[in-house]
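# Results of the structural survey
Chain by chain, the residues run as shown.
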Amino acid sequence: MQSFLRINDNDNVVVAIETLGPGTVVRVSDDLTVTAQEEIPAGHKMALADIPEGSPVIKYGFRIGNAKQDIKAGQWIHTHNIKTALGDLLEYTYEPVPYEEKTTEDVTFMGFNRPDGKVGVRNEIWVVPTVGCVNDIAKLIVKKANEYVKGSVDEVITFTHPYGCSQMGDDQEHTRTILADLINHPNAGGVLVLGLGCENSNIDVLKPYIGEVDPNRVKFLVCQESDDEIADGVELCRELIDYAAGFEREPISVSKLVVGMKCGGSDGFSGITANPCVGRFSDILVSKGGTTILTEVPEMFGAETILMNRCANEELFHKTVDLINDFKNYFKSHNQTIYENPSPGNKKGGISTLEDKSLGCTQKSGSSLVKGVLSYGERVSTPGLNLLSAPGNDLVASTALAASGAHIVLFTTGRGTPFASPVPTVKISTNSRLAGKKSNWIDFNAGVLVEDQTMADTAQKLFDYVVAVASGEKVCSEQNGFHDMAIFKQGVTL
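Not measured: the values here are computed from a predicted model. (Residues numbered from 1 in each chain as written. Predicted model: local features only at pLDDT ≥ 70, side-chain atom pairs only at ≥ 80, totals over all residues. Heavy atoms only, no water.)

The next thing to look at is the overall build of the protein. For the protein, the count of helices and strands is 13 helices and 23 strands. The C-alpha radius of gyration computed for the protein amounts to 24 Å, which stays within 12% of the reference 23 Å derived for 494 residues, consistent with globular compactness. Once the C-alpha set of the protein is aligned to its principal axes, its extents read approximately 80 × 45 × 40 Å. Across the 494 residues in the protein, those meeting the buried criterion constitute 57%. A separation threshold of at least 6 residues defines the contact pool for the protein, and within that pool the share at least 24 residues apart is 72%. Averaging the positions of the 44 positive and the 63 negative side-chain charges in the protein gives two centres separated by 3 Å. (Helix = DSSP H or I, 4+ residues; strand = E, 2+ residues; numbered from the N terminus. Rg over C-alpha atoms; globule rule 2.2 N^0.38 Å. Buried < 20%, exposed > 50% of the residue type's maximum accessible area, 1.4 Å probe, protein only. Contact = heavy atoms within 4.5 Å. Lys, Arg positive; Asp, Glu negative; His and termini not counted. Charge placed at Lys NZ, Arg CZ, Asp CG, Glu CD.)

Below you can see the structure in the form of structure tokens.
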């Protein structure tokens, strides 16, 4: 296995695949050899040439920041000697890149066809609380109702949350929109909407957001109006189970599949292994008529022009500009630094600046054209690669992906995380050490890409695994019984 990687021929750094001790000779090419002047931790960067103070540090073929001080060839490059070169609000010009769209042979997965034309990859019963006050009631109903699961129904689950009351403005709208999105999600064969009765987002208020429903699939219960909300809730779940048990898995084209893409706990390998592997997966799915969604807008900062110039038309370009600038203005309106990133874990793993993180993050988008730009809570309607407005926070962004219609979320990580989202959440490790240590968290290891596996083979294996998950194979978080959700909160709590 090679001990280092130069990602792009224009880079003036290499990334250490394994820790390079002082004196280690790195032979980059026949005419370029560099000796490590100090220890370079795995995942971190080493200078290939002298970089004067103020000069750009190049990785992925792009600037990831400027040198804070003179850096000598062979020195470790990290937060002590590199700083972001990003500004605040920027002017952008649409410079579309040439792209030839490809169509490849269809593949099917075994999923559930719904009467409204949607498809699901799970046949679960969801208990959705309208307000945090009834969280424990929802948990107790789920515990009792699971005794009655039968047939093709996977299980009865709930997504508890602290929202639905004492909120104002966008916060209240976000709660109502996201809850309505989840109630309409096709992975749920049946839904019990559980309200308290006096909350701001009570059932009567929520119904217009939900829209027309099949009364066999969606049922409502107001706890304050029930003599025994537990017994009533369990009985309604039994009716939903009877209805959902009538669905059976059948072959469905992957063109119907929607997959969200997110990263968290990233390290220096994220942009080398897992993220580009997910990008290649995205290109494969899109070539078969499927849909992918990329989010976490603050982690596009510094790499946004790559996405902007891949927009299919100028209207989408302008929507992407607004996507970026709206989030920058959100930070500024709260008197916060736009570039308060990367996180401590990111830095420990080798990521030095936001540009470094973003250029690795956007690798998940592959090379396909951007076909849609979605606001927070908006449901996806255009096949192909879509961009979604949501923050970088793992739970909030993954919930947003599910709410926008993702059947599955692909989550790459170099540090590891056990969390789940409302839909199957595939954890993809950037390195084999994590995959071996946390096999109860990690579903797929992309770390083999710096060992002995090719990108083409690994991406195809990931695609095949996602098809298996869509067909019913449980991911680790599902096996562990984890079901998480979080809604974007920006304002005042009453």
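On to the sheet that holds strand β14 (residues 188–195). Strand order in the open sheet made by the 4 strands is β13-β12-β14-β15, with parallel pairing throughout. Pairing within the sheet leaves two strands with one partner each, and these edge strands are β13 (156–158) and β15 (218–222). Direction aside, neighbouring strands of the sheet carry axes that sit 20 degrees apart on average. Here 5 bridges tie β14 to β15, and the two strands are oriented parallel to one another. Bridge pairing links Leu194 to Leu221 in β15. Helix α3 (residues 203–210) rests against β14 and β15 of the sheet, and its axis sits at about 160 degrees to β15. (Pairing = 2+ DSSP bridges. Axes fitted to C-alpha atoms, helices over the stretch in contact; angles between N-to-C directions.)

Across 4 bridges, the pairing between strand β3 (residues 25–29) and strand β4 (residues 32–35) is antiparallel. Residue pairing in the sheet places Ser29 in a bridge with Leu32 of β4. Here β3 folds back onto β4 in antiparallel fashion, the turn holding 2 residues.

In this section: the state of the cysteines. Cysteine pairs can be covalently joined through their sulfur atoms, and such a bond is termed a disulfide. The full count for this structure, using the stated rule, is 0 disulfides. Free of any disulfide, Cys198 has its nearest neighbouring cysteine sulfur in Cys165, separated by 6.4 Å. With a relative accessible area of 54%, Cys198 lands in the exposed category. Here Cys361 is not cross-linked by a disulfide; its sulfur's nearest cysteine counterpart is in Cys263, at 3.8 Å. On the basis of relative accessible area, Cys361 is assigned to the buried category, the value being 1%. (Disulfide = S-S within 2.5 Å.)

A cluster of acidic residues, Asp227, Asp228, Asp232 and Glu235, forms a negative patch on the protein surface. Residue position: Asp227 is located in the loop between β15 and α4 (229–244). (Patch = residues over 30% accessible without salt bridge, like charges linked within 9 Å, V, L, I, M, F, W, Y side chains within 5 Å. Areas by Shrake-Rupley, 256 points an atom, 1.4 Å probe, with all protein chains shown as cover. Salt bridge = Lys/Arg side-chain N within 4 Å of Asp/Glu carboxyl O.)

This part is about the environment of Cys476. Relative to the assigned elements, Cys476 resides in helix α13 (residues 476–479). Taking the relative accessible area as the measure of exposure, Cys476 reaches 10% and is therefore buried. Sequence spacing of Cys476 and Ser439 is 37 residues, and the spatial spacing of their C-alpha atoms is 8.4 Å. Those residues in contact with Cys476 that sit more than four places away from it in its chain are Ser439, Asn440, Trp441, Ile442 and Asp443.

What follows deals with the pattern of salt bridges. Opposite charge on two side chains makes pairing possible when the charged atoms of those side chains draw close. As enumerated under the stated definition, the model contains 16 salt bridges in all. When the shortest N-O distance is used, the salt bridge between Asp394 and Lys262 registers 2.8 Å. Remark: Lys262 occurs in strand β17 (residues 258–263) and Asp394 occurs in helix α10 (residues 394–403); sequence separation between them is 132 residues. For the pair Asp394 and Lys262, one class covers both residues: buried. When the shortest N-O distance is used, the salt bridge between Glu299 and Lys357 registers 3.3 Å. Here Glu299, found in the loop between β18 (291–294) and α6 (304–308), pairs with Lys357, found in helix α9 (residues 354–361); they are 58 residues apart in sequence, far enough to count as distant.

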